[in-house]
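Residues per chain, in single letters:
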Amino acid sequence: MGMLIAAYITGAEWGVLYIRAEYPVSISTISNSIAELRALGLLGKNIKGSGFDFDFKVIKAQGAYICGEETALLSSIEGQRPEVRVRPPFPTQQGLFNKPTVVNNVETLACLPYIIDRGGQNFAGIGKGKSTGTKLISLDSFFNKPGIYEVEMGTPLSEVIYNLGQGFRAPVKALHIGGPLGGLVPVHKISDLTVDFESFASNGFLLGHASMVCLPHDFPVILYIQHLFKFTAHESCGKCFPCRIGSTRGFEMLQKASTTDYKIDRSLMADLLDTLEMGSLCALGGGLPLPVRNALHYFSDELAPFFKN
Ligand code: SF4
């Protein structure tokens, strides 16, 4: 319904839902919702005699992480290699098939019916500071009660973890929050955080899409950050050098340090992270430094044996 509202306002005739094919339940759920709208006469030509035409197209995407980046997503829908595009032009100027295109997460669009129904001020009254509304949070299987929860922005993180998730199944030393490029939050920082963008940013983390992945107490941090570099190298679209080459060089350094007596030069790692952050064209390469720096800061004792003094 949110997309229908957005389309009516912008004058769009098509709404494209881009869902990874690995999530078949999502695809069947959305297809059922579309069928319900059709049965209500809310899709097709001249909807309810309004002169407004609109319909959906569901794309079963083939699972590249970078397709979450809006311009790579557009290339993927067009049947091209999902490579990030240089902006400007922005998608709203020149997007899908060179037509102006609004790209939003479904979580954002799902807020529209509430806003239209109750008003923007009412919606802005939910949440905290500039983080208005609610946030969907996913807790992984290391929680006693894993799943997806919707909470008001500003909810204490400890409430999400210990009340909704009912704590951890086994000892945990950190939470990777906000996706693979989100921050690595050590458990002692949980009590300092609330679920909103400002709280996470001011503490040096990133709320992102608010997924929470647990780092078990006995899992080596060196292997975790090695995995993050490997993930970025694997998912890199290859458009820019810092990400394409830097992610692989970082992975090689960490792998060598974890399997031989090689010690990583701290200034070399710092330069690599700065280059990734400043030189990457999109948030994949540009976001990798955050969890790595969090790890270097909060787990310095554990990581010290792998670095030169
Ligand atoms: S940062 Fe990585 S994913 Fe993003 S444009 Fe550059 S190579 Fe592609």
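All values derive from a computational prediction rather than experimental measurement.

J.: I tried to follow the packing of helix H9 (residues 221-235) against helix H10 (residues 241-259) on my own but got confused; where do I start?
T.: Helices that pack against each other are described as a pair by the angle of their axes relative to one another and the distance between those axes. Running from N to C, H9 and H10 cross one another at 155°; their axes reach a closest spacing of 8 Å. The angle between the axes of H9 and H10 places the two elements in the roughly antiparallel class. Relative to H10, H9 is oriented so that their crossing is left-handed. For the pair H9 and H10, the contacting residues are Ile222, Leu223, Ile225, Gln226, Phe229, Lys230, Thr232 and Ala233 in the first and Cys243, Gly246, Ser247, Thr248, Gly250, Phe251, Leu254, Gln255 and Ser258 in the second.

J.: What am I meant to see in helix H2 (residues 24-39) here?
T.: Helix length check: H2, at 16 residues, gives a terminal C-alpha distance of 22 Å against a target of 22 Å (1.5 Å per residue), a fit within 8%. All buried positions along H2 are accounted for by Ile27, Ile34 and Leu37. Around the axis of H2, the buried residues are gathered within 85° of arc, so they sit on the same side. In H2, the exposed positions that point more than 90 degrees away from the buried face belong to Pro24, Val25, Asn32, Glu36 and Ala39. Tucked inside the fold, the buried residues of H2 contact strand S1 (14-20) and strand S2 (55-61).

J.: What should I look at first to understand empty space enclosed by the protein in this one?
T.: Over the atoms rolls a probe the size of a water molecule, and its path tells where empty space is left. One pass over the structure, following the stated rule, counts 2 cavities of 30 Å³ or more. Ser236, Cys237, Cys240, Cys243 and Cys282 are the residues nearest the centre of the largest cavity, which is lined by 14 residues in total. Mapped by element, the contributors of at least two residues to the lining of the largest cavity are H10 and helix H12 (283-287). When its residues are assigned to classes, the lining of the largest cavity shows 8 nonpolar, 4 polar and 2 charged. Taken as a whole, the second largest cavity encloses approximately 30 Å³ of empty space. Taken together, Arg266, Leu296, Ser300, Leu303, Ala304 and Phe307 make up the full set of residues lining the second largest cavity. Partitioned by chemical class, the residues of the lining of the second largest cavity number 4 nonpolar, 1 polar and 1 charged.

J.: Explanation requested: the site of the ligand in the structure shown.
T.: Around the ligand, the surrounding shell holds 13 residues, and the nearest of these are Ser236, Cys237, Cys240, Cys243 and Cys282. In this structure the site holding the ligand corresponds to the largest cavity. Split into classes, the residues belonging to the shell around the ligand amount to 8 nonpolar, 4 polar and 1 charged.

J.: Would you take a moment to explain helix H11 (residues 266-279) for this structure?
T.: Since one α-helical turn is 3.6 residues long, residues separated by three or four positions face the same way. Under the 1.5 Å per step criterion, the end-to-end length of H11 is 20 Å for 14 residues, consistent within 8% with the ideal 20 Å. Here H11 has its buried residues at Met269, Leu272, Leu273 and Leu276. Along the axis of H11, the buried residues cluster in a sector spanning 95°; they form a single face. Where H11 is buried, its residues touch H9, H10, H12 and helix H13 (289-298).

Criteria and cut-off values
- Residues numbered from 1 in each chain as written.
- Predicted model: local features only at pLDDT ≥ 70, side-chain atom pairs only at ≥ 80, totals over all residues.
- Heavy atoms only, no water.
- Axes fitted to C-alpha atoms, helices over the stretch in contact; angles between N-to-C directions.
- Helix = DSSP H or I, 4+ residues; strand = E, 2+ residues; numbered from the N terminus.
- Parallel < 35°, antiparallel > 145°, perpendicular 65-115°, else oblique.
- Left-handed = near helix turned anticlockwise from the far one by under 90°.
- Contact = heavy atoms within 4.5 Å.
- Expected span 1.5 Å × (residues − 1).
- Buried < 20%, exposed > 50% of the residue type's maximum accessible area, 1.4 Å probe, protein only.
- Arc of directions from axis to C-beta.
- 1 Å grid on protein atoms, 1.4 Å probe; cavity = no way out; pocket = protein on both sides within 12 Å on 5 of 7 lines; lining within 4 Å.
- Points joined across faces, edges and corners; volume = space filled by probe spheres on them.
- Nonpolar A, V, L, I, M, F, W, Y, C, P; charged D, E, K, R; others polar.
- Near = heavy atom within 4 Å.
- Sits in = over half its atoms within 2 Å of the grid points.

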